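Topology and contacts: notes
Chain residues, written in single-letter form:
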Amino acid sequence: MELQYADDNALVALSEEDLQGILSAFAKAYKQLGLAINIKKTQILHQPPPNSSTSVLPPNISIDNIRLENVDYFPYLGSLLSSKAVIDDEIHHRLSCASGAFSRLRKKVFENRDLQAKTKILVSKAVLLPTLLYGSEAWTTYSRHLKALEAYHQRSLRKILRISWEDRRTNTSVLEEADIPTITATIAQNQLRWTGHVIRMPDSRLPKQVLYSQLVKGKRAPGGQKKRYKDNIKTNLKKCHIDLKAWEDMATDRATWRNLVREGAALYNDDLCHAAQDKRRLRKERATTKQVQPKPPTTTFPCPHCTRIIGSRIGLYAHLKTHKDQEGGQSYSTTSDRR
């Protein structure tokens, strides 16, 4: 399978032999057209099965007897593809790109006192958010990814609105002032809108075939399972209060599905904000109602013959014995009440 876009070409194969054959055929065809493959920019990304051994040798693919480099990830059309089929590197890349975009606009826009805060927020929506969430329609996100994206979003908004940590503002109040939904609700909206586009595609289109396809062979490992894109979509449908049984029929109408997703994402955002407020309120209530447990009283035994205070009855007996030995065998008794 080949994925071509402008002068970029991605070749996908199920085995090392198939990939070598496809690549050799492309190199031969390019030579006949007077073109050449850039060896330095051509890399091999191997994605082994999830349960395979870590000692699998990397594939040996070559062009004109020149072996191509094997990498763990490489950028393709602005996104990072990983050999482990996870988006951790992609999230770090998106955060880096958004930070770079913010730095380039810091002095001219975000720190410009002549511009209103509303204008700065509009620039953030037009530049920072698309850069941060580029390709999020196809992400399979975990909570750690959403927390990292939300943290950066909060930092950028607080810098734009000139909110210091000394102001002790909650994340919900910052979002309300900026009139921007949470990153979590935005990603859910983007994914559901893209899923609607896939549903309306003809059955011959590759995205629709991938969405509805299933593996014929293989078993999922016991225990905790890796999240799939379908699991993400199902969770987003529930969070956005969309019927799981009728959503495919509703997605066939573009206008209806677009309005439904927008309203559902707004409800999801409200639920997230209310949950954050309730969590903060409960935490404050626990902090105010928490009583300091008094320390248990300590029993001490003062020596009747000196100023020393002994911490235990046994220690007092030993101490009195030393007095007895020093004063010639005179016996002593304790003055403390038996307990």
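Here the residue index of a chain counts from 1 through its sequence in written order. In keeping with the model being predicted, local features are shown solely for residues with a pLDDT of at least 70 and side-chain atom pairs are shown and tallied solely at 80 or more, while totals for entire chains, interfaces and linings include all residues. Values shown for side chains rest on all heavy atoms present in the structure; no hydrogens or waters enter the calculation.

Labelled according to an unreviewed UniProt entry, the chain appears under the name C2H2-type domain-containing protein, originating from Muraenolepis orangiensis.

Glancing now at the nonpolar core. Within this scheme, the nonpolar core is defined by two criteria: the residues are buried Ala, Val, Leu, Ile, Met, Phe, Trp, Tyr or Cys, and they are joined through side-chain atoms within 4.5 Å. Throughout, exposure labels follow a simple rule: accessible area from a 1.4 Å probe, protein chains only, divided by the maximum for the residue type, with under 20% read as buried, over 50% as exposed, and the rest as partly exposed. Counting 27 residues, the largest nonpolar core has L132 and L149 as the members making the most contacts within it. The secondary structure listing takes helices from DSSP runs of H or I that are at least 4 residues long and strands from runs of E that are at least 2 residues long, numbered from the N terminus. When contributions to this core are tallied by element, the ones reaching two or more residues are α2 (88–110), α3 (117–132), α4 (143–160), α5 (171–178) and α6 (183–199). When residues in this core are grouped by element, the largest group, seven residues, is from α2. M201, L211, Y229 and L237 belong to the second largest nonpolar core, which has 17 residues in total.

The next point concerns the pairing of strand β2 (residues 8–11). Every regular strand shows the same layout, with side chains that alternate between the two sheet faces. Strand pairing is defined by DSSP finding a minimum of two bridges between the two strands. Of the pairings in the sheet, the one linking strand β1 (residues 2–5) to β2 comprises four bridges and is antiparallel in character. Counted as the bridge partner of E2 is L11 from β2. Taking the residues between adjacent antiparallel strands as the criterion, β1 and β2 are bridged by two residues, where A6 takes a positive phi near 55°.

Think of it this way: a Phe, Tyr or Trp ring, Trp meaning its six-membered ring, pairs with another when their centres are within 6.5 Å, and the plane angle makes it stacked under 30 degrees, edge-to-face over 60, tilted otherwise. A complete count under the given rule lists three aromatic pairs for this structure. Between W247 and W257, the ring centres sit 6.0 Å apart and the planes meet at 40°, which makes this aromatic pair tilted. Separated by ten residues along the polypeptide, W247 in helix α9 (residues 247–251) and W257 in helix α10 (residues 254–289) bring together distant segments of the chain. Like W257, W247 is buried.

For any two helices packed against each other, the geometry comes down to the angle between their axes and how far apart the axes lie. At a minimum axis distance of 10 Å, the contact between α4 and α5 shows a crossing angle of 60°. Here α4 lies oblique to α5, going by the angle between them. Crossing of α4 against α5: the hand is left-handed. On α5, the residues that touch H153, Q154, L157 and R158 of α4 are N171, V174, L175 and A178. Residue type decides the class: Asp, Glu, Lys and Arg count as charged, Ala, Val, Leu, Ile, Met, Phe, Trp, Tyr, Cys and Pro as nonpolar, and the leftover types, Gly among them, as polar. Residue composition of the contact of α4 with α5, grouped by class: four nonpolar, three polar and one charged. Interaxial angle, 0 to 180 degrees, is taken between N-to-C directions of lines fitted to C-alpha atoms, where a helix line uses only the stretch in contact. With respect to orientation, any angle under 35 degrees is reported as roughly parallel, any angle over 145 as roughly antiparallel, any angle of 65 to 115 as roughly perpendicular, and every other angle as oblique. In this scheme the handedness of a crossing depends on how the near helix is turned from the far one: anticlockwise by less than a right angle means left-handed, clockwise means right-handed. Note on definitions: a residue-residue contact is assigned when non-hydrogen atoms from the two residues lie within 4.5 Å.

The residue L77 is not glycine, and still its phi comes out positive at about 55°. Looking at the element boundaries, L77 is found in the loop between β7 (73–76) and β8 (79–82). Among the residues examined, L77 registers a relative accessible area of 35% and is labelled partly exposed. The phi torsion at R168 lies on the positive side, around 55°, for a residue other than glycine. Relative to the helices and strands, R168 is located in the loop between α4 and α5. We classify R168 as exposed; its relative accessible area is 68%.

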